[in-house]
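Listed below are the residues making up each chain.
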Amino acid sequence: MFRRRVAAAAVATAVVLAGPPAWAQDPAVLFQGMDFGGPDLSDLSLEELADVEITSVSRRAEPVSQAAASVFVITAEDIRRSGAPSLPDVLRLAPNLQVQRMNAGEYAITARGFNGFETSNKLLVLVDGRSVYSPLHSGVFWDSLNIVLEEIDRIEIISGPGGTLWGSNAVNGIINIITRSARESQGTLASVSVGTEDSRFAFRHGGEFENGAWRAFITGFARDDTFRPTGGDATDALAGVRAGFRTDWTAGESDFVLQGHLWDINTAEDDNYTGDRIDVSGGHLLGRWTQPMAGGETQVQAYLDHSQRVGFAFDETVQTADLHIQHARLLGGRHQLVFGGGYRWISSELVTNPIFGSFIVPEEETIQLTNLFLQDQFAVTDQLTLTLGVKFEDNSFSGQEWLPSARLAWTPRQGGLLWAAASRATRTPNRIERGLYAPGFLEPRDFQSELLTAYEIGYRAAPRPNLSFSVTAFYHAYDQLRTVSTTPVTVLPLYFTNNGAGETWGVEAWGAWQVNPRWRLSLGVQTLDKDISAPPGTDITGVISQGQDPDYQVLLRSQADLTDRLQFDASLRAVGELITIEEYVDLDLRLGWEVNDQVELSISGRDLLTDERVETADARRRAFGRSVFATVTARF
C-alpha cells in the first residue's frame, strides 16, 4: 500500500512539476523558452541564506553557517510561498520537527521524539523571547497562537537540547518565532483567505514617528469541524480574533521594543463529541532594551502575560511575570562571552468540575524559577572553536539543577563546518504530575525532573554556490522519565513516578539545490529509533510517556517562478507509521499570481492525496482530508 502511494505521489508530482520525461536528464527543460533574466526565486540566494543571522543557538547574532547546532530556519518567503493557513502548518516546513494534527485546533509538535498531546512536553516555544510553555502540562496550546503569519520575520528551529542558555524544558529542541521590526511593517497590509475548511483575515497598518516606528494589527480565523474516525462531524470547530501593536525606537545608542497582544478564541473540549466549548482569552505586554557597551551589548527584557481557559470541565487562569538580563561581549580577541540571569513568577489556578471526581491540589499555586548562566566561545585556533557553558536553575518543584554543555566546531580550509556537542537538559515537573488527585485512585507524590544527556555530531556545507546541505547524527540518553506506579499490596492509589529510562538515536539531514534562478528544490530526511523501558513492576502504562513517533519522515519541496509574477510551489510529505496509524504520503500545492506590486492572489490545496487521514493514535484523534482555499493580499 505504501509503495503504491509513494509511486502515485511521485508520478503526480513529476507530471505537475517536471512536464516531459526529458526533465530526468536536464531539469532546465522545464523552463525552456522562459526568460531567466528576471529576479531570482527569492530575495536571498542559498549563499545569502547561509549568512542569515540567528540568535537561538548562542543568544547572540551569528550566521547559520557558523552555528554549531542542528538549526533550520523558516524564512518569511518560505511562509508566504507555503500557503499554510496556520502557524502549526507552517512548522511542517521544518524537516527537524514532527507535527501531528490532533483535531481542528490542537497539534502535537516536537523534535527527536516523544510526540503526542500528553507527551510533547520537551520542546521550548518562544515568540519574540516570550515563552508560551504551559505549567499545567509542560506543552503548548497551539489553538491560541493565531499569529499574523505575514508579520513573522523568521522561525529558528533547533533540534537538540538548549538548556544551558534557555533553561528547563529546552530538552529536545527550541522553536523561536521572531516577528518583524515595526520599521519593516510600514504602510497597510490586508489579507483575506476563504476555503473549504479554513478562513482567516489580517489587517495591519504601520507608521513612523521621530526616531522610531509603530504598527497595529487585528487578525481573525475560523476552522471547520474535522471528522470522527468512525464518521460524522467531530464538533470541534473553532474561531478567534487577536489584536495588538508593536513599537521600535532608538534613543541615543539604545534600542527599545514595546509590544502587546490581546486574544479571544472559542474552541472545543479536547476529548469528547458533545460540542462543549472552551473560551480562551488573554493578553501580554513585552518590553526590551538593548544597549551597546564597551566591547559588547547588554539586553534587558521583561513581559507580563495573562491567559484563561474556561470550559465545562475546568477553569484555568495563569499569570506570568518574567525578567531576563544578559550581556554579550568579546574578551581578549578570542573569547565571546554571554552571561546573565532571569526570574519568572507564575500564578496558576485550576478549578475542576467536581462531577469528574479529580482535582489539582492545591487549586492555586505560585511557581518561581530563577537562573544564572554563562557561556564562553573560545577560538582555540583560527579554525577550531570550543564553546563551554553552564546554567544554574532553581525552581519551585524540583529545586536546584545544573545544565552544562560543551560544543566543538571546526571550519576546514575548504569550507563547511564540522561540529560535535555534549549537553545535559531537564524537564521540570508540571502541575498535573505534582498535584493531580482522584480520591482512592490517584494521589500526588514527589515527582521529579526528567533528565537528558545528549550527544550530537554534525556537518554543514555549501560545496557549490547553488547547493547546500546539513546532516546531524544524535544519541539521547534519558533518565527519570514519567511512569505510573501502584501502591504495594493495595495496588491503589496510583501515583506518578520517575522509573522510566532509555535512549533514542537518529539522523537529521536536509539540503537545497538552486536548479536555476527560478527553481529551487529542497529535501529533508529524518530517522528515529528508540528504546524506552521501566523496571518490571514499576510502571503500569508501558511507559506511555515515550509518545508516538514515526521511524522516518521525508519532505520534498519545489519552489518555481514560472514567470516574473507567477509562482508554483509544491510540498510532498512522507511519514512513517505509528502504533495504530498507517504510514502516509501527502501533497500540498500553491499557485500564486502577483497581479502588480501591491496585490497578490493565490490558491492553495492541502493534503491532496488523502480523502481522510488520522495523524495520531491519541484518544483525541480526529480525521481530516483535502482542503482548498484562496487568498487575496494587498499592500499599500
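Residues numbered from 1 in each chain as written. Predicted model: local features only at pLDDT ≥ 70, side-chain atom pairs only at ≥ 80, totals over all residues. Heavy atoms only, no water.

1. Some points on the pairing of strand 17 (residues 314-331)
Consecutive side chains of a regular strand alternate in pointing toward one face of the sheet and then the other.
Right, on to step 1. In the sheet, strand 16 (residues 296-310) pairs with strand 17 via 15 bridges, with the strands oriented antiparallel. If you follow Ser307 over to strand 17, its bridge partner there is Val318.
Right, on to step 2. The antiparallel pairing of strand 16 with strand 17 creates a hairpin that spans 3 residues between the two strands.
Right, on to step 3. When strand 17 meets strand 18 (residues 335-352), the two strands line up antiparallel, connected through 18 bridges. (Pairing = 2+ DSSP bridges. Helix = DSSP H or I, 4+ residues; strand = E, 2+ residues; numbered from the N terminus.)

2. A word on the nonpolar core
Right, on to step 1. Core analysis: the largest hydrophobic core is formed by 29 residues, its most contacted members being Ile74, Leu87, Leu91, Ile109, Trp142, Ile155 and Ile175.
Right, on to step 2. Residue assignment for this core shows that the elements contributing at least two residues are strand 3 (70-75), helix 4 (87-90), strand 5 (107-110), strand 6 (123-127), strand 8 (152-159) and strand 9 (173-179).
Right, on to step 3. With residues up to four places along the chain from it excluded, the contact list for Ile74 reads Ile79, Val90, Leu91, Leu93, Ala94, Arg154, Ile155 and Ile157.
Right, on to step 4. Among the nonpolar cores identified, the runner-up in size contains 18 residues, and Val71, Ile158, Val338 and Phe373 belong to it. (Core = buried A, V, L, I, M, F, W, Y, C linked by side-chain atoms within 4.5 Å. Buried < 20%, exposed > 50% of the residue type's maximum accessible area, 1.4 Å probe, protein only. Contact = heavy atoms within 4.5 Å.)

3. Concerning the packing of aromatic side chains
Right, on to step 1. Following the criterion strictly, the structure yields 7 aromatic pairs and no others.
Right, on to step 2. Seen from their ring centres, Phe72 and Trp510 are 5.5 Å apart, and the 85° between their planes marks the pair as edge-to-face. Of the two residues, Phe72 sits in strand 3 while Trp510 sits in strand 27 (residues 491-516), which places them 438 residues apart along the sequence.
Right, on to step 3. Residues Tyr455 and Tyr475 carry aromatic rings whose centres are separated by 6.4 Å and whose planes lie at 25° to one another, so their mutual orientation is stacked. (Phe/Tyr/Trp six-rings, centres within 6.5 Å; stacked < 30°, edge-to-face > 60°.)

4. Some remarks on the pattern of salt bridges
Right, on to step 1. Taken as a whole and assessed by the stated rule, the structure comprises 41 salt bridges.
Right, on to step 2. Salt-bridge contacts for Asp611 lead to Arg626; the nearest nitrogen and oxygen are separated by 2.4 Å. Taken as a pair, Asp611 in the loop between strand 32 (599-606) and strand 33 (627-635) and Arg626 in the loop between strand 32 and strand 33 lie far apart in primary sequence, 15 residues in all.
Right, on to step 3. Judged by relative accessible area, which is 41%, Arg626 ranks as partly exposed. (Salt bridge = Lys/Arg side-chain N within 4 Å of Asp/Glu carboxyl O.)

5. Brief notes about a nonpolar patch on the surface
Right, on to step 1. There is a patch of nonpolar side chains on the surface, built from Val192, Val194, Phe201, Phe203, Ile218 and Val241 and spanning about 480 Å² of accessible area.
Right, on to step 2. Positionally, Val192 belongs in strand 10 (residues 187-195). (Patch = residues over 30% accessible without salt bridge, like charges linked within 9 Å, V, L, I, M, F, W, Y side chains within 5 Å. Areas by Shrake-Rupley, 256 points an atom, 1.4 Å probe, with all protein chains shown as cover.)

6. What to know about the confidence of the model for the chain
Right, on to step 1. When pLDDT is averaged along the chain, the result is 90; 93% of the residues meet or exceed 70.
Right, on to step 2. Long-range and interchain partners of residues 1-41, a stretch whose pLDDT sits below 50, account for 58 contacts in this model, where long-range means more than four residues apart. (pLDDT = per-residue confidence, 0-100.)

7. Remarks on empty space enclosed by the protein
One way to see where empty space is left: roll a probe the size of a water molecule over the atoms.
Right, on to step 1. Within this structure, the stated rule accounts for 10 cavities of 30 Å³ or more.
Right, on to step 2. Considering only enclosed or pocket space, the largest cavity measures out at about 410 Å³ in volume.
Right, on to step 3. If you trace the largest cavity, you find 22 residues lining it, with Val132, Tyr133, Ser134, Asp305 and Ser307 closest to the centre.
Right, on to step 4. The leading source of residues in the lining of the largest cavity is strand 16, at 5 residues.
Right, on to step 5. Class assignment for the residues of the lining of the largest cavity results in 10 nonpolar, 6 polar and 6 charged.
Right, on to step 6. Considered as a void within the structure, the second largest cavity measures approximately 270 Å³ in volume. (1 Å grid on protein atoms, 1.4 Å probe; cavity = no way out; pocket = protein on both sides within 12 Å on 5 of 7 lines; lining within 4 Å. Points joined across faces, edges and corners; volume = space filled by probe spheres on them. Nonpolar A, V, L, I, M, F, W, Y, C, P; charged D, E, K, R; others polar.)

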